[in-house]
Structure formats: structure tokens, C-alpha cells
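# Coordinates in review
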Amino acid sequence: MMHATSYEDAALRVHAYVDGELDPANALGVEASIAMDPALAAERERVEAFRGLMREHLRPEAPPPGLRARVEASVGMRRPRMQPSWRALAASIAVTAVVASGATSMVVAPSGISTARDGIVDAHIRSLMSSQPIDVASSDRHTVRPWFNGRIPQAPRVVNLGSDFPLVGGRIDVVGAVPVPTLVYGHGKHLISLTAVPAAGRANSAPALSERGGYNIFRWTEGEVNYWAVSDASALELDKFAESFRTMPPDQ
Amino acid sequence: MGIANLQDQNKLIRASDRSGGRVQIFPVRTAESDDRMAGGEDDHQRFARLVLPHLGDAYSLARWITANRADAEDVVQDASLRAFRAIGNVAEGNSRAWVLTIVRNTAYTWLRKNRPSVLAVVDDLEAVESAQVVTTELDRETPETALIAKTDAASLQAAIAELPPAYRETLILRDVHGLGYREISQVTDVPIGTVMSRLARGRARVIKTIGRK
């Protein structure tokens, strides 16, 4: 019997042989060693039987029907699917960003992320259905930010993002019974909303993309605040929005 | 002899495929390749041609890595966005391996962020890889082909699900997606010798597990 490790190497060659990965010279070498060693011959039979079993039972699983549309929407090849008819009434794009203050006590633990996300998307949808998606309409951050003072414990960070994403105004959403500030930005013909939820003790994180009911959502954490950008804009556009918001210095 | 020695296994592989343990199979876009696309193909058309055809493979791999359909969809969407951002810099060539590389890396990043407990086993991988699984876990001279052949799909899937992630992805890329060793080396970013040992050990473990049932 061969030494264990050299047997191991010989066994690897048997796998490569069965997989058709060997050049002719090495393939002949493996055939010769299989002829001499019953253990290697057994290994070849095992590998061949196993490959047959995998072929029989494990085809690549077909993707769910909506995935292609979702992917195309996220790179801007098509508009996200429109479900309820009332959404036709809404502007063709609305991006909602929610900005929350540190004094509010809502802490979104990992297990609570889905719940918070659902609440924020719901708030975004409600705002599109109402006669106006904002409580304070102003493109001046020096108007929007003070409006939050006195309504919630701490006003959110409000920045101007230039002509690509003009500030439209702000509103207060209620997520999990906690009032949180939401800024609304525009993008082309569309609206954008951004919400901030306090997250004491959470480390900063880069934007992560998800999707619910046709809305793209970017979530990231910065300075112990969870930011949620919600929109039916393409993920690519929303990503640009998140990037400009994150990189804009506080006192531009 | 041992793992270090396996790094030399790529010497066994067909000479035409050989260019070192790690093989760069994604050609960089050149002026010449740009000329071939003089039709003025934009990024969306390029994405439709190079990425969309591989969505099925992308989803299947993401599903195996995340073990969850909804998570796999999120991963594929995220990976597609990454692929789209890079679409101007990748040339013709093996677009499937390129897409699967992005999906695989996105899936692990995604898991690390959202399902850290799933990945805890990865830390044990080195210990696992130094074990002589292939030779010690099987009765060498009894192939047990009849036992293997009568295994049902559910038992097979359960046995694969028990594998350490590095073994599982190698096995799936080879035996479900049909990638060659060289492509797997690229997608998983390890030398071909490591691909070979992971594949053989992954197969041996699954065979042993289904043999116990």
C-alpha cells in the first residue's frame, strides 16, 4: 500500500482524470496506476457514480420569474414594475430618504431591519398617495432643518446635493411608533425621499441594496444614524444619490 | 508532501490551459476589441449580451451559497449592479466565469454583513483542509456505486448543504455548473491544486454522508 499522502495525490489525479482535465500523457499515467491499484480503481468508480448522481438530481435551479425584470430595473433598462394603479398618479420616481435624530430612542437591531424597512417603505408609499408628499416644501436647507426643530428631538442633517438631486422638502414619518425625519429630494421628473433613524452604537457601514414591492432601497449607517433611501428610481440612480449624500460635507 | 505540494498540481493540467497557479481568463478590453463593436453598443446592450444570459447560473450559485431563495435574489441584484458598473472595462471572453466571480464575491460580502452566523464555519477551513479526508473516510477498495446510485435528490442536497462553504462552492461549480478546474480557480481565487483537493474532499465527504443514511 502506498503512503497515505501520495495516495491522496494519486486520488486527486483520478478525479482530474474522470473530469477530463488531464493532458494525454498524465491521463495514460493515471490509467496505468488504476490498473495496478484496486483502491484507485474503486475511487474512479465512485467518482463516476457520483458525477452521474449529480447530473441526475442537481440541475441549476431556475431563477424566479421576476428576477430578470428586477435586475433590468436596477441597472435602468426598464422602469420598476408598477403594481397598484394609484402609483400611476405618483410622480414617476420618488426617492424617500429618512434621516433620524440621535435623541430618539429607536434602535434598529439586525433582527428589526426588515420591520423597519417595511415601515419606511410603507411611509414612502403613503406619502406618494397623499395630496402632497412633504410637510414642509422648500429647497432651502436653512428652512427645512429648523422646521424639524421643535417637532422631533433632533433635526436631521440636511444638505444640498446640487441640480441632480434638488431638495424638495421634508416630513415626519412614524416608524415603529417612533417619529423620524424624512427629507425629500427630486431627481429629473421624479421625487426622492430620505429617512434617518437613530442607531446608537452601530458601526458605520456602506450602502446595501434591497428591494421591496418594486421600490429600491439603499441602507447605510453613518455617525450612529441608519439612513434609508427609498425610491422607484433605478438602483443605479439611487446609488448615485446615496453616494452624493454621503460624500457631501456637513457644512457645504 | 501535503497541501503545499498540491500547489504544483496545475502542472498536470492540459498544457494549453497552463499559465501558473492562478490564471487570468478575463481579457482586458482593448482598442481592437472596441473596434469590433463599432456598432456603437451602449452599456445596457453590453450588459444584456454579457450578463443577462448568465442570470440562471448566477441565481443558482447564489442560492447554493446563501441557502435561501430570497437572499439569493438580493445577491443577484447586487451583483448585477456591480457587473453593470464594470461593464465598460471587461472585454469579450469568458463572461460566465466573470459573472460567477462577481456573484460569488457579492454573496460572501452579503452573508458577512447580513448572516454572519452562516459564515462562522469558514474559520475552521484550514483545519479541515489539513485533514486527510479523501483517504481516511472511505473504505478504499469498495466503490459502493450501487449505494451512490440509489441516493435520492433530497439526501444528496442535504449532504452537500453540510459541506464547508469552500468545498461546497467548488463542488457546485464543477458538478452542477460544469466549470473546468481553471475557471473554478479563477472564480474562487485559489490555485488549481487547491481546487483539486477541495473537489476531491468535497465529493468524498458527500459520498460518506449519503453512505450513512
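Residues numbered from 1 in each chain as written. Chains lettered and ligands numbered in written order. Predicted model: local features only at pLDDT ≥ 70, side-chain atom pairs only at ≥ 80, totals over all residues. Heavy atoms only, no water.

### What to know about the overall build of chain A
For the record, the criterion: Helix and strand definitions here come from DSSP, where helices need a minimum of 4 consecutive H or I residues and strands a minimum of 2 consecutive E residues; each element is numbered from the N-terminal end. Burial status follows relative accessibility: with a 1.4 Å probe on protein chains alone, a residue under 20% of its type maximum counts as buried, one over 50% as exposed, and anything between as partly exposed. Any pair of residues with heavy atoms lying within 4.5 Å of one another is described as a contacting pair. Here the accessible surface of atoms and residues is derived via Shrake-Rupley with a 1.4 Å probe, and residues count as covered only by protein chains that are part of the display.
Tallying secondary structure elements over chain A gives seven helices and eight strands in all. Counting every position in chain A, which comprises 252 residues, the buried fraction comes to 54%. When contacts within chain A are restricted to residue pairs at least 6 apart in sequence, long-range pairs at least 24 apart make up 65% of them. When the accessible area of chain A is evaluated, it comes to approximately 10,700 Å², of which 54% is carbon and sulfur surface.

### Points about the environment of Ser193 of chain A
Take Ser193 of chain A: it is sitting in strand E5 (residues 190–198). As a C-alpha pair, Ser193 of chain A and Val168 of chain A span 25 residues in sequence and 9.0 Å in three-dimensional space.

### Structural notes on the nonpolar core
Here is a general trend for soluble globular proteins: nonpolar side chains tend to be buried in one another's company. Inclusion rule: Nonpolar cores were defined as sets of buried Ala, Val, Leu, Ile, Met, Phe, Trp, Tyr and Cys residues, with membership established by side-chain atoms within 4.5 Å.
With 104 residues, the main nonpolar core has Tyr185, Leu194, Phe241 and Phe245 of chain A together with Phe47, Ile160 and Val206 of chain B as its most contacted residues. Among the elements that line this core, the one with the most residues is helix H6 (residues 95–114) of chain B, at ten residues. One finds Val121, Val197, Ile217 and Val230 of chain A within the second-largest nonpolar core, a separate group that totals 13 residues.

### Topic: the pattern of salt bridges
Convention followed: When a carboxyl oxygen of Asp or Glu is within 4 Å of a side-chain nitrogen of Lys or Arg, the pair counts as a salt bridge.
Counted by the stated rule, this structure contains 17 salt bridges over all chains. When the shortest N-O distance is used, the salt bridge between Asp239 of chain A and Arg85 of chain B registers 2.5 Å. Here Asp239 of chain A is found in helix H7 (residues 235–247), whereas its partner Arg85 of chain B is found in helix H5 (residues 69–86) on a different chain. Under the relative-accessibility criterion, Arg85 of chain B is labelled partly exposed at 43%. The partner of Glu169 of chain B in a salt bridge is Arg104 of chain B, and the shortest N-O contact between them spans 3.0 Å.

### Looking at the interface of chain A and chain B
Convention followed: Accessible area that two parts lose when put together, evaluated with a 1.4 Å probe and summed over both, is termed the buried area. Polar contact is defined as a pair of N or O atoms within 3.5 Å, subject to the rule that within protein one atom must be able to donate a hydrogen and the other to accept it, and that residues adjacent in sequence are counted only when both atoms are side-chain atoms. Lys, Arg, Asp and Glu make up the charged group, whereas Ala, Val, Leu, Ile, Met, Phe, Trp, Tyr, Cys and Pro make up the nonpolar group; the residues left over, Gly among them, are polar.
In this assembly, 57 residues from chain A lie in contact with 66 residues from chain B. Both sides together, the interface formed by chain A and chain B hides about 5,600 Å², and carbon and sulfur atoms give 62% of it. Summed over the shared surface of chain A and chain B, the result is six salt bridges. Linking Arg70 of chain A and Glu73 of chain B is a salt bridge whose minimum nitrogen-to-oxygen distance equals 3.5 Å. Scanning the region where chain A abuts chain B turns up 15 residue pairs in polar contact (both at pLDDT 80 or more). Put simply, the parts of the chain that give the side of chain A that touches chain B at least two residues each are helix H1 (4–18), helix H3 (38–57), helix H4 (67–74), strand E6 (205–212), strand E7 (215–222) and H7 of chain A. For the side of chain A that touches chain B, a count of residues per class yields 31 nonpolar, nine polar and 17 charged.

### Description of the packing of aromatic side chains
Residue and element names in this part refer to chain A. Let me state the cut-off plainly: Note on ring pairs: Phe, Tyr and Trp rings are taken, using the six-membered ring of Trp, and paired if centres are within 6.5 Å. Classes follow the plane angle, with under 30 degrees stacked, over 60 edge-to-face and the rest tilted.
Taken as a whole, this structure holds seven aromatic pairs over all chains when the rule is applied. With centroids separated by 5.2 Å and ring planes inclined at 65°, the aromatic side chains of Tyr185 and Phe241 adopt a geometry described as edge-to-face. Here Tyr185, found in strand E4 (residues 178–187), pairs with Phe241, found in helix H7; they are 56 residues apart in sequence, far enough to count as distant. Aromatic pair Trp220 and Tyr227: ring centres 5.4 Å apart, planes at 15°, arrangement stacked.

### Overview of unusual backbone geometry
Residue and element names in this part refer to chain B. In this model, Ala67 sits at a positive phi of 60°, which is unusual for a non-glycine residue. Here Ala67 falls in the exposed class, since its relative accessible area comes to 60%. Phi at Asp189 takes a positive value of approximately 60°, unusual for a residue other than glycine. Relative to the assigned elements, Asp189 resides in the loop between helix H12 (181–188) and helix H13 (192–212).

### Considering the environment of Gly162 of chain A
Residue and element names in this part refer to chain A. With respect to the element layout, Gly162 can be found in the loop between helix H6 (141–148) and strand E3 (167–175). Overall, the relative accessible area of 44% leaves Gly162 in the partly exposed class. Taking the C-alpha atoms as reference points, Gly162 and Ser244, 82 residues apart in sequence, are found 9.2 Å from one another.

### Considering the side chain of Arg203 of chain B
Its location among the elements puts Arg203 of chain B in helix H13. Look at Arg203 of chain B and you get buried, because its relative accessible area is 1%. For Arg203 of chain B, the side chain forms a polar contact with the side chain of Asp19 of chain A, separated by 2.9 Å. Excluding residues within four positions of it along the chain, Arg203 of chain B makes contact with His15, Asp19, Val47, Phe50 and Arg51 of chain A together with Leu171, Arg174 and Asp175 of chain B.

### Topic: the confidence of the model for chain B
Residues and elements named next belong to chain B. Put simply, the rule reads: Along the chain, pLDDT gives the predictor's confidence residue by residue, from 0 to 100.
Taken over all residues, the pLDDT of chain B has a mean of 77, while the share at 70 or more is 69%. Here residues 14–24 scores under 50 on pLDDT; set against residues more than four positions off or in separate chains, the count is 26 contacts. Per-residue pLDDT stays below 50 along residues 31–38; that stretch engages in seven contacts with residues further than four places along the chain or on separate chains. Taken over the whole predicted complex, pTM reads 0.58, whereas the ipTM for its chain interfaces reads 0.77.

### Here we look at H13 of chain B
For clarity, the threshold we go by: Expected span, for any helix, means 1.5 Å times one less than how many residues it has.
Taking 1.5 Å of rise per residue, 21 residues should cover 30 Å, and H13 of chain B covers 31 Å from first to last C-alpha, within 8% of that figure. Burial analysis of H13 of chain B places 17 of its 21 residues in the buried class, the great majority of the element.

### Examining the pairing of E7 of chain A
Residue and element names in this part refer to chain A. Stated formally: Here, strands pair whenever DSSP counts at least two bridges between them.
Of all eight residues in E7, seven are buried, a share of seventy percent or more. Relative to E7, E6 runs antiparallel, the two being bridged by six bridges. Looking at E7, one finds that Leu209 is bridged to Phe218. Pairing of E7 with strand E8 (residues 225–231), which is carried by seven bridges, proceeds in the antiparallel orientation. Bridging from a neighbouring strand, Ile217 pairs with Val230 of E8. Following E7, the chain reverses through two residues before pairing antiparallel with E8; Gly223 in that reversal takes a positive phi of roughly 55°.

### Structural notes on the packing of helix H4 (residues 55–66) of chain B against H5 of chain B
Residue and element names in this part refer to chain B. What counts is decided by this rule: What counts as an axis is a line fitted to C-alpha atoms, over the stretch in contact for a helix, and the angles between N-to-C directions run from 0 to 180 degrees. An angle below 35 degrees is treated as roughly parallel, one above 145 as roughly antiparallel, one from 65 to 115 as roughly perpendicular, and anything else as oblique. For a crossing to be left-handed, the near helix must be turned anticlockwise from the far one by less than a right angle; the clockwise case is right-handed.
It is at 8 Å that the axes of H4 and H5 come closest, and there the two elements cross at 130°. Classified by the angle between their axes, H4 and H5 sit oblique to one another. Both H4 and H5 take part in a crossing whose hand is right-handed. Between H4, through Leu55, Ala58, Tyr59, Ala62, Arg63 and Thr66, and H5, the contact on the second element is made entirely by Arg69, Asp71, Ala72, Glu73, Val75, Val76 and Ser80. Considered class by class, the residues forming the contact of H4 with H5 number seven nonpolar, two polar and four charged.

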